[in-house]
Amino acid sequence: MPRDPSRVALVAYDGLCTFEFGCMVELFGSPRPGLGAWYTLRACAAERGSLRAAGGLAITAPYTLRAIDTAGTIIVPGWRRPYTEVPAELIRKLRRAHADGARVLSVCSGVFVLAAAGLLDGLRATTHWAYADELREAYPDLALEPDALYVDEGRVLTSAGSAAGLDLGLHLIRRDHGAAIANAVAKRLVIPPHREGGQRQFIEAPMTESAGDNAIAALLDDVRSRLASPHTVESLARRARMSPRTFARRFAAVTGTTPHRWLVQERVQRAQSLLETSDADLESIATIVGFGDAQLLRLHFRRVVGVSPSAYRKTFRRTNAGT
């Protein structure tokens, strides 16, 4: 019997990372009235008895690792030192679940558990930047992307530290339920609706460090409201009253990406919403979001989302109609 991806097993363990665990509970375990069928989350203990958690807490999970046997989504929210020492039963459960078609996610140091189970051999993965060297040395067969916020390899997904787990969780919700639902969850949590996985983990300057950064922040909001207009680095730099070189450097410091990549991502995200919520044809959508023609929309959409606009609409218009 195929595993249901809405059945989520969240692994608890002695030395639990409280923040990462709580983020996953908030995303997948909190009721979402009005959003249709949601996830069913079971917290399962990797060991017996009371478990210690960061912050001096003691917790008792209501389920054992047997919850993994019927889960379609399994999440490992961090791991404890020494990172390479993982209980044999947990490894067996993860291997069996993955072989049965379940998808497995890790947050931060939880990637060590997936690597110990052999689920990352030959695949791309990420983790908190502070653990990158240790992970690379312990598991040289995985393709580490140390700067990425998260990496989606289909049924194996990994994220960087702490808050990047929220980005990965929203990304998965978007995959399962579409952009409109993911945006609604993000709004409830008061966090950005989408950050591309390839963005850098560490942004060198805070958004409000200088007047130049404030100018860029205001510019981003304005561009979002006028995606159909033509935008170039030169035109954006003029509006920010900077040279193109200074603007590109400050933009990367503020957003962690390039102006072109950011603009493409914003346009694709807007196209996703229109594909889900309107009957507009691809040429019209391409014009509305600023790509100009359907061919360019298809090119960028497939690169960012992984499927064609038509396939995306077929999946998520049907999904959202039932929620």
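All values reported here derive from a predicted model rather than from experimental measurement.

On a plain count of helices and strands, the protein comes out with 13 helices and 11 strands. For a compact globule of 323 residues, the expected C-alpha radius of gyration is about 20 Å, and the protein comes in at 21 Å, within 12% of that figure. By its C-alpha atoms, the protein is 60 × 45 × 35 Å across when sized along the principal axes. Relative to its full complement of 323 residues, the protein shows a buried share of 49%. When the accessible area of the protein is evaluated, it comes to approximately 15200 Å², of which 53% is carbon and sulfur surface.

Another aspect to go through is the sheet that holds strand E6 (residues 73-77). Spatial ordering of the open sheet is given by E5-E2-E1-E6-E7-E11-E10, a layout of seven strands whose pairing is mixed. The two strands at the open ends of the sheet, each matched to only one other strand, are strand E5 (63-64) and strand E10 (150-152). In terms of strand pairing, strand E1 (residues 7-12) meets E6 through three bridges, oriented parallel. Bridging across to E6, Val8 finds its partner in Thr73. Against the sheet, helix H5 (residues 164-177) makes contact with E6, strand E7 (103-107), E10 and strand E11 (156-159), and its axis sits at roughly 145° relative to E11, the strand it touches most.

We now examine helix H2 (residues 88-99). Think of an α-helix as turning once every 3.6 residues; residues three or four places apart then point the same way. With 12 residues, H2 ought to run about 16 Å at 1.5 Å a step, and its terminal C-alpha atoms sit 17 Å apart, in line with that. The complete set of buried residues in H2 reads Leu90, Ile91, Lys93, Leu94, Ala97 and His98. The buried residues of H2 all sit within an arc of 165° when viewed along its axis, so they share a single face. Across H2 from its buried face, at more than 90 degrees, point the exposed residues Arg92, Arg96 and Ala99. Here the buried face of H2 lies against E1, E6, E7, helix H3 (111-116) and E11. Once H2 ends, the next one or two residues include Gly101, with phi positive near 105°.

Locating Arg174 in the fold gives a position in helix H5. Among the polar contacts listed, one links the side chain of Arg174 to the side chain of Gln272, at a separation of 3.2 Å.

Moving on: the packing of aromatic side chains. Applying the stated criterion to the full structure yields eight aromatic pairs. Between the aromatic rings of Phe28 and Tyr39, the centroid separation amounts to 4.9 Å while the plane-to-plane angle is 85°, which identifies the pairing as edge-to-face. With Phe28 in helix H1 (residues 18-28) and Tyr39 in the loop between H1 and strand E2 (40-45), this pair connects stretches of sequence that are 11 residues apart. Using a relative accessible area of 8% as the deciding quantity, one classes Tyr39 as buried.

To continue, consider the pairing of E6. Judged by how many residues are buried, E6 sits mostly within the fold: five of five residues are covered. As defined by bridge partners, E6 adjoins E7 across five bridges and the pair is classed as parallel. Each bridged residue has a counterpart across the sheet, and for Thr73 the counterpart in E7 is Arg103. Note that the unit made of E6, H2 and E7 has a crossover that is right-handed.

So, how was this worked out
Residues numbered from 1 in each chain as written. Predicted model: local features only at pLDDT ≥ 70, side-chain atom pairs only at ≥ 80, totals over all residues. Heavy atoms only, no water. Helix = DSSP H or I, 4+ residues; strand = E, 2+ residues; numbered from the N terminus. Rg over C-alpha atoms; globule rule 2.2 N^0.38 Å. Buried < 20%, exposed > 50% of the residue type's maximum accessible area, 1.4 Å probe, protein only. Areas by Shrake-Rupley, 256 points an atom, 1.4 Å probe, with all protein chains shown as cover. Pairing = 2+ DSSP bridges. Contact = heavy atoms within 4.5 Å. Axes fitted to C-alpha atoms, helices over the stretch in contact; angles between N-to-C directions. Expected span 1.5 Å × (residues − 1). Arc of directions from axis to C-beta. Polar contact = N/O pair within 3.5 Å; in protein donor to acceptor, adjacent residues only side chain to side chain. Phe/Tyr/Trp six-rings, centres within 6.5 Å; stacked < 30°, edge-to-face > 60°. Right-handed = clockwise from strand over helix to strand, strands pointing away.

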